[in-house]
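# Structural overview
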Amino acid sequence: GAPAGPAGTGKTETTKDLAKAVGIQCVVFNCSDGIDYLIMAKFFKGLAATGAWACFDEFNRINVEVLSVVAQQILTIQRAKAKMVKSFMFEGTQLPLRMSASVFITMNPGYAGRAELPDNLKALFRSCAMMVPDYALIGEILLYSNGYMEARNLSRKIVQTYKLCSEQLSSQDHYDYGMRAVMAVLRAAGNLKRQFAEEDENILMLRSIIDVNLPKFLTHDIPLFEGITSDLFPGINLPPSDYDNLYKYCLENCEKINLQLTASFFTKICQLYEMIIVRHGLMLVGYSFSGKTASYKVLMAALSDLCENDLNGEKRTHAHVVNPKSITIGQLYGQFDPVTHEWSDGVLAVTYRHAAQQETMHGVPDRQWVIFDGPVDAIWIENMNTVLDDNKKLCLMSGEIIAMSSPMTMMFECQDLAVASPATVSRCGMVYLEPQSLTWRPLVDSWLSALPPKLEKFKEQLQNLFGWLVPSVNRWIFKEGRSMVMVGIADTDSITRVSALMKLFDAHADEFQEAAEGETMREIPLKEAPLWVESLFLFSIVWGVAGVLAAPSRASFNLFFRQLCAGQAPKPYDKVDGTYGTPVKLACMFPDCDASVYEYTFNKSQGKWTLWTDSITTLDMRIPNDAEFANIIVPTIDTVRYSTLLEALVLHGKATLFVGPTGTGKSVYVQQKLLQGLDRDKFASLFVNFSAQTTANQTQEIIDSKVDKRRKGVYGPPLGKKMAVFVDDLNMPAKEYFGAQPPIEL
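Structure report, in brief. As the structure is a prediction and not an experimental result, all values here were calculated from the model. (Residues numbered from 1 in each chain as written. Predicted model: local features only at pLDDT ≥ 70, side-chain atom pairs only at ≥ 80, totals over all residues. Heavy atoms only, no water.)

## Some remarks on the packing of helix 20 (residues 490-508) against helix 21 (residues 529-545)
One can describe the packing of helix 20 onto helix 21 by two numbers: an axis separation of 8 Å at closest approach and a directional angle of 135°. By the angle class used here, helix 20 and helix 21 are oblique. Considering only the axes of helix 20 and helix 21, their crossing is right-handed. On the side of helix 20, the interface is formed by Arg497, Ala500, Leu501, Leu504, Phe505 and His508, while helix 21 contributes Val533, Leu536, Phe537, Phe539, Ser540, Ile541, Trp543, Gly544 and Val545. (Axes fitted to C-alpha atoms, helices over the stretch in contact; angles between N-to-C directions. Helix = DSSP H or I, 4+ residues; strand = E, 2+ residues; numbered from the N terminus. Parallel < 35°, antiparallel > 145°, perpendicular 65-115°, else oblique. Left-handed = near helix turned anticlockwise from the far one by under 90°. Contact = heavy atoms within 4.5 Å.)

## A look at a nonpolar patch on the surface
On the surface, Met484, Leu657, Val659, Val725, Val727, Leu730 and Ile744 cluster together to form a nonpolar patch covering roughly 530 Å² of accessible area. Looking at the element boundaries, valine 659 is found in the loop between helix 24 (637-651) and helix 25 (666-677). (Patch = residues over 30% accessible without salt bridge, like charges linked within 9 Å, V, L, I, M, F, W, Y side chains within 5 Å. Areas by Shrake-Rupley, 256 points an atom, 1.4 Å probe, with all protein chains shown as cover. Salt bridge = Lys/Arg side-chain N within 4 Å of Asp/Glu carboxyl O.)

## Comments concerning the nonpolar core
The biggest cluster of nonpolar side chains holds 98 residues, and the ones touching the most others in it are Leu246, Met384, Met410 and Phe412. Apart from the residues lying within four places of it in its own chain, the contact partners of leucine 246 are Phe266, Cys270, Tyr273, Leu299, Ala302, Leu303 and Leu306. Of all hydrophobic cores here, the second largest spans 64 residues; its members include Phe458, Trp532, Phe602 and Trp612. (Core = buried A, V, L, I, M, F, W, Y, C linked by side-chain atoms within 4.5 Å. Buried < 20%, exposed > 50% of the residue type's maximum accessible area, 1.4 Å probe, protein only.)

## With respect to the pairing of strand 20 (residues 708-711)
Bridge count for strand 20 against strand 21 (residues 714-716) is three bridges, and the pairing is antiparallel. Residue pairing for strand 21: aspartate 708 is matched across the bridge by glycine 716. What sits between the antiparallel neighbours strand 20 and strand 21 is a turn of two residues, in which glycine 713 has the positive phi angle 80°. (Pairing = 2+ DSSP bridges.)

## Remarks on the sheet that holds strand 12 (residues 367-373)
Spatially, 9-12-15-8-16 is the arrangement adopted by the five strands of the open sheet, whose pairing is parallel. Of all the strands in the sheet, just strand 9 (317-322) and strand 16 (429-432) have a single pairing partner and so form its edges. Strand-to-strand, the axes of this sheet are offset by a mean angle of 20°, without reference to chain direction. Taken together, the six bridges between strand 9 and strand 12 define a ladder with parallel strand orientation. Bridging across to strand 12, threonine 317 finds its partner in arginine 367.

## What to know about the packing of helix 10 (residues 244-256) against helix 11 (residues 263-278)
One way to put it is that helix 10 packs onto helix 11 with a least axis distance of 11 Å and a crossing angle of 120°. As the angle between them shows, helix 10 and helix 11 are arranged oblique. Between helix 10 and helix 11 lies a crossing of right-handed hand. Taking contact as the criterion, the partners of Leu246, Tyr247, Cys250 and Cys254 in helix 10 are, on helix 11, Phe265, Phe266, Ile269, Cys270 and Tyr273. Its residues assigned to classes, the contact of helix 10 with helix 11 comprises nine nonpolar, no polar and no charged. (Nonpolar A, V, L, I, M, F, W, Y, C, P; charged D, E, K, R; others polar.)

## Considerations on the environment of leucine 206
Here leucine 206 shows up in helix 8 (residues 201-213). The exposure class of leucine 206 is buried, given its relative accessible area of 5%. Leucine 206 sits 48 residues away from isoleucine 158 along the chain, and the two C-alpha atoms are 9.1 Å apart. With residues near it in sequence (within four places) discarded, leucine 206 still touches Thr229, Phe233, Ile236 and Leu238.

This is the structure in structure tokens:
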């Protein structure tokens, strides 16, 4: 038989149920695009000899060339069954034949990475179209079995909620209102009924609908969703959840790693926790700087702390993190050697097996989270379809099937699901995080709380400068500036700029640090210190926040920034949302003349602003007699300022990106600085050139060849040195069909 239909209509489950009803063993296997005819032949030999059934899930993901051979193999078995023979010849082996042997295939029509079945294969199966089932009836039966008395009304309300959501809310890649979404609500409702048997059933149902669905909605959809639920459950007010213990330990762990536990951040941590309870596969979706990694790390530490204090019945938690796109799909799942046909396990297979065996073989009941931190596309993640649905089994191409243990959770951390198929989206719980709910304020608070002791007394001054200048500058750049590079969406972009400002400030504030052993730090006169802090901050705004503006925008930014610093910001930038702090008269302003703010640097030895060009000496202008014409670099304002900025950032271990059109000297500045400008005893340098053909494996080999092995899994430059890696043409590697660039992922 060949049931076909969209995701979540019960194709696999129907086959498994039929096998159960007639009492025959049924093996479910998830097909992937790496399967060849030899693997399928192995399967068919086993089926014919034992008389079991096999259900090949997502059968049309196998390549068409393989499918036509598979058709011949199935035909051989079917002909032998028609003749009622006791044994038959199959792929060169004499096999006994049991009459009950049968093959079932299930497939999704028209998704990404799916082939059309060849005709000689279609003819061998009786196809059967699956329709969307009656959710209300399924819900009613399951609710009655969980002990709900008003099951009929409540199941109708679930269906109605999803119907209204799909009609009224915005359409996003990660929204799904199918059968699996209904099942998640029913599962949550069952858990709640067992915990609070006497509670009003409407309250329990509303709580489970909200818990399962609220985490995935965008900010502007939440009021609509709340409107829908309040219409369906009129006059029901939910009692607040009890998260006091969790909050206490989250707060402790945030303080340990210097993060701010804001209200929205804690809400997301709670939603993640609830999602882990009802789903074994879930996705953290959102742009950079929305707190995806931080939220699971804080939750993991908090759950382990709760376990140590015997609270909430929690278990310790371990995370295993993999970036799926930084290696090939064969290295991820495992592959056969093309010559010897010998199987070697992939990274995921080893990690998954290790996590699954902790409970079954070693008796360790801890939670195991397998985390995939990288872009999701329709090819690699579909091999996990059987893991993410109710089978909970990983099918490797070698024919090995590894079951998932109960404390295991599969987590995916990605930016969006634009190229994932509905089969994946419907199988996972979703938690959506947004950078605009976090903003850059918590980053600044964390940075201010980690200031060196000498800067402590200027904390309020810095806080005021941030609140008064940064929001207006960010708004101006977004509205009027033209940048060379934009990071994701506007909210992520503004947070990135503020974090660049803080990095630059750190890189220039050496005099405020505590002196290391054997070093003498320059003492700053008390009178000058506030002036230094203020001037370095202005310098960091110009180069950190507005450093990526294109040349035409720099001239207009110069005028705007001078007005802003003088306390006369032009409309509409005088009253920007999120501004706090009051404008003060600056002690040391940029000099009033024709030069723009980009042409000044703060000279610490003189304690005032000077032009970059003033620092070029006659020694720099001298050209050696034996210099080749192509290698002569004439010092200009650009060479001075970019080299100085690069040096400050590299010496302080801050990652730096040079952006600009070709022929503007990006590579030359970096090469000259790394080869001649750094102390050879402290720094080793490594140059990596990317081209359109570069692969992740080549990149890894280049880096591995230049570093020494320290201990298992740890590599580094020669002892006592730091390594500066320079990647030329970062954006050159060709994009894959689904848009990922593996060398950059690595």
